[in-house]
Amino acid sequence: MAEAEPRGRGRGSWGRGRGRGGMKRPMYEAHDYEDYSDGYSKKRKIMDDVYRFLVREDLVRVVIGKGGDNIREIKDEAKEAGIETKVSIYAQNSNGGPMMDGAVDRVMSIQSTEDGLAMALNHIVPHVQTHRQFQPGGRGRGRGGAPSGEQRRVKLELRLMVPAHCCSGIIGKGGCIVKKMKQETNSYIQVYTLPLPNSDEHCIRIQNFEADELVVTAVKVFQSIAEIKGKSPVTMYDPIYFEHGEYGDTGSYIDTEWYQEALRSGVAQPTPYKALRGMKGG
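Quick look at the structure, then. (Residues numbered from 1 in each chain as written. Predicted model: local features only at pLDDT ≥ 70, side-chain atom pairs only at ≥ 80, totals over all residues. Heavy atoms only, no water.)

**Focus on the pattern of salt bridges**
Put simply, the test is: Salt bridges are defined by distance alone: a side-chain nitrogen of Lys or Arg within 4 Å of a carboxyl oxygen of Asp or Glu. Accessibility here uses a 1.4 Å probe with only protein chains present; expressed as a share of the type maximum, an area under 20% marks a residue as buried, one over 50% as exposed, and anything in between as partly exposed.
Under the counting rule described, the total for this entry stands at ten salt bridges. In this structure, Asp-58 and Arg-56 form a salt bridge, with 2.8 Å as the shortest nitrogen-oxygen distance. Judged by relative accessible area, Asp-58 falls into the partly exposed class, the value being 30%. Residue class for Arg-56 comes out buried when judged on its relative accessible area of 8%. Salt-bridge contacts for Lys-86 lead to Glu-84; the nearest nitrogen and oxygen are separated by 4.0 Å. Accessibility expressed as a relative area gives 18% for Lys-86, which makes it buried. Through salt bridges with shared partners, one network takes in Glu-157, Arg-159 and Arg-205.

Set out below in structure tokens:
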């Protein structure tokens, strides 16, 4: 297992940043998918043992840990269990080019068995939370950064990435599969209708108050598409900068908060799957 540690911009992730020269993609990334691009497009089959996630750029260093300590701990624990696990957070796009300035999203992949995936996520979940009051270990922070024992609990969250042809496998006929997963885990599960910008990958947003149940939910989602995930090549998501709302509500971190407020205020409207099918048919 290896990890590339990006050099941050030294500021928050919400503005346009500087270039990210000097960063390299992990060497083993070539094994994350089978290339069907013929050197031009980015159509690739995602391998069966690769699980992809969306993380926010300003949390990459937290996930990696000082000197890669967090990633090393994941690898060592998996090795003790007889499992090989690799965790990658990509600092370049899928064709090896530089990341666009201002891109808030980063793609993380975990290559392992389902048990190895769960073990890795147990370590990673505390480090990818975006709400300001969350602190690893469960302590919240009140106004001004002061510790607050009375802080309202906030759900933990993961954002999974799956090929577009897998969304129906997660939802099921009449929503039967996703409803069952919600009942079994008590998790919130949102399958984004629109793909991530310029890609064939969709974001699956899952939330739960309990970290272990959140991890179980993530594994169940990937289990539901295990037989179909790698059947068709897809255009993989390369994080880019874009204006709020430019691509619709895709689950990108760049405009999630903006969309939540726009939906609450009525400025934006959700896009149901029936409407999407109608647009494609037209």
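Additional details are given in the paragraphs that follow.
**Describing the nonpolar core**
The condition is simple: Here the nonpolar core consists of buried residues drawn from Ala, Val, Leu, Ile, Met, Phe, Trp, Tyr and Cys, with membership extended through side-chain atoms lying within 4.5 Å. A run of H or I in DSSP counts as a helix once it spans at least four residues, and a run of E counts as a strand once it spans at least two, with each numbered from the N terminus. Whether two residues are in contact is decided by their heavy atoms: any pair within 4.5 Å suffices.
Phe-53, Met-108, Ile-110, Leu-158, Leu-160 and Ile-204 are the most contacted members of the largest nonpolar core, which totals 38 residues. In terms of residues, this core owes the most to one element, helix 6 (residues 211-224), which gives six residues. Contacts of Met-108, omitting those with residues within four sequence positions, involve Tyr-51, Arg-52, Phe-53, Val-55, Val-63, Val-87, Ser-88, Ile-89 and Ile-124. Residues Val-104, Tyr-237, Ile-240 and Ile-254 belong to the second largest nonpolar core, which totals eleven residues.

**As for the packing of aromatic side chains**
Two aromatic rings, taken as a pair, are described by how far apart their centres are and by the angle between their planes. This is how it is decided: The criterion for an aromatic pair is that two Phe, Tyr or Trp rings (for Trp, the six-membered ring) have centres within 6.5 Å, with stacked assigned to planes under 30 degrees apart, edge-to-face to planes over 60 apart and tilted to the rest.
Enumeration according to the criterion identifies three aromatic pairs in this entry. Considering the side-chain rings of Phe-53 and Phe-222, the 5.6 Å spacing of their centres and the 75° angle between planes classify their relative orientation as edge-to-face. Highlighted residues: Phe-53 in strand 3 (residues 50-56) and Phe-222 in helix 6, separated in sequence by 169 residues. In this pair, the class of Phe-53 matches that of Phe-222, namely buried.

**Remarks on helix 6**
Rules: In this scheme, a helix's expected span is set at 1.5 Å multiplied by one less than its residue total.
Between the first and last C-alpha of helix 6 there are 20 Å, a value that for 14 residues agrees with the 20 Å anticipated at 1.5 Å per step. Buried residues of helix 6: Leu-214, Val-215, Thr-217, Ala-218, Val-219, Val-221 and Phe-222, and no others.

**Digging into a negative patch on the surface**
Keep this limit in mind: Every patch collects residues that have over 30% relative accessible area and no salt bridge, joining them within 9 Å if they carry like charges and within 5 Å if they are nonpolar side chains (Val, Leu, Ile, Met, Phe, Trp, Tyr). All accessible-area figures derive from a Shrake-Rupley calculation using a 1.4 Å probe, and residue coverage is judged against the displayed protein chains alone. A positive count includes Lys and Arg, and a negative count includes Asp and Glu. His and the chain ends are not counted in either. Where a charge lies is defined by one atom per residue type, namely NZ (Lys), CZ (Arg), CG (Asp) and CD (Glu).
On the surface, a cluster of negative charge is made up of Glu-73, Asp-76, Glu-77 and Glu-80. Residue position: Glu-77 is located in helix 2 (residues 69-80).

**Comments concerning the pairing of strand 4 (residues 86-89)**
Using the following cut-off: Note on pairing: DSSP must find at least two bridges between two strands before they are called paired.
Of the two faces of strand 4, the one lined by Lys-86 and Ser-88 and the one lined by Val-87 and Ile-89 are each fully buried. Judged from the four bridges that link them, strand 4 and strand 5 (residues 105-111) form a sheet pairing that is antiparallel. Bridge pairing in strand 5 links Ser-88 to Ser-109.

**Thoughts on empty space enclosed by the protein**
We count it as follows: Put simply, the grid is 1 Å and covers the protein atoms alone, a cavity is a trapped set of points that fit a 1.4 Å probe, a pocket is an open set with protein on both sides within 12 Å along at least five of seven lines, and lining residues have an atom within 4 Å of a point. Grid points are joined across faces, edges and corners, and a volume is the space filled by probe spheres set on the points. Any residue outside Ala, Val, Leu, Ile, Met, Phe, Trp, Tyr, Cys, Pro, Asp, Glu, Lys and Arg is labelled polar, Gly included; the first ten of those are nonpolar and the last four are charged.
Tallying each qualifying case throughout the model produces two cavities of 30 Å³ or more. If you trace the second largest cavity, you find it lined by Phe-53, Leu-54, Val-55, Met-108, Ile-124, Val-128, Glu-157, Leu-158, Arg-159 and Tyr-253. At the level of secondary structure, the elements contributing two or more residues to the lining of the second largest cavity comprise strand 3 and strand 8 (156-163). By residue class, the composition of the lining of the second largest cavity is eight nonpolar, no polar and two charged.

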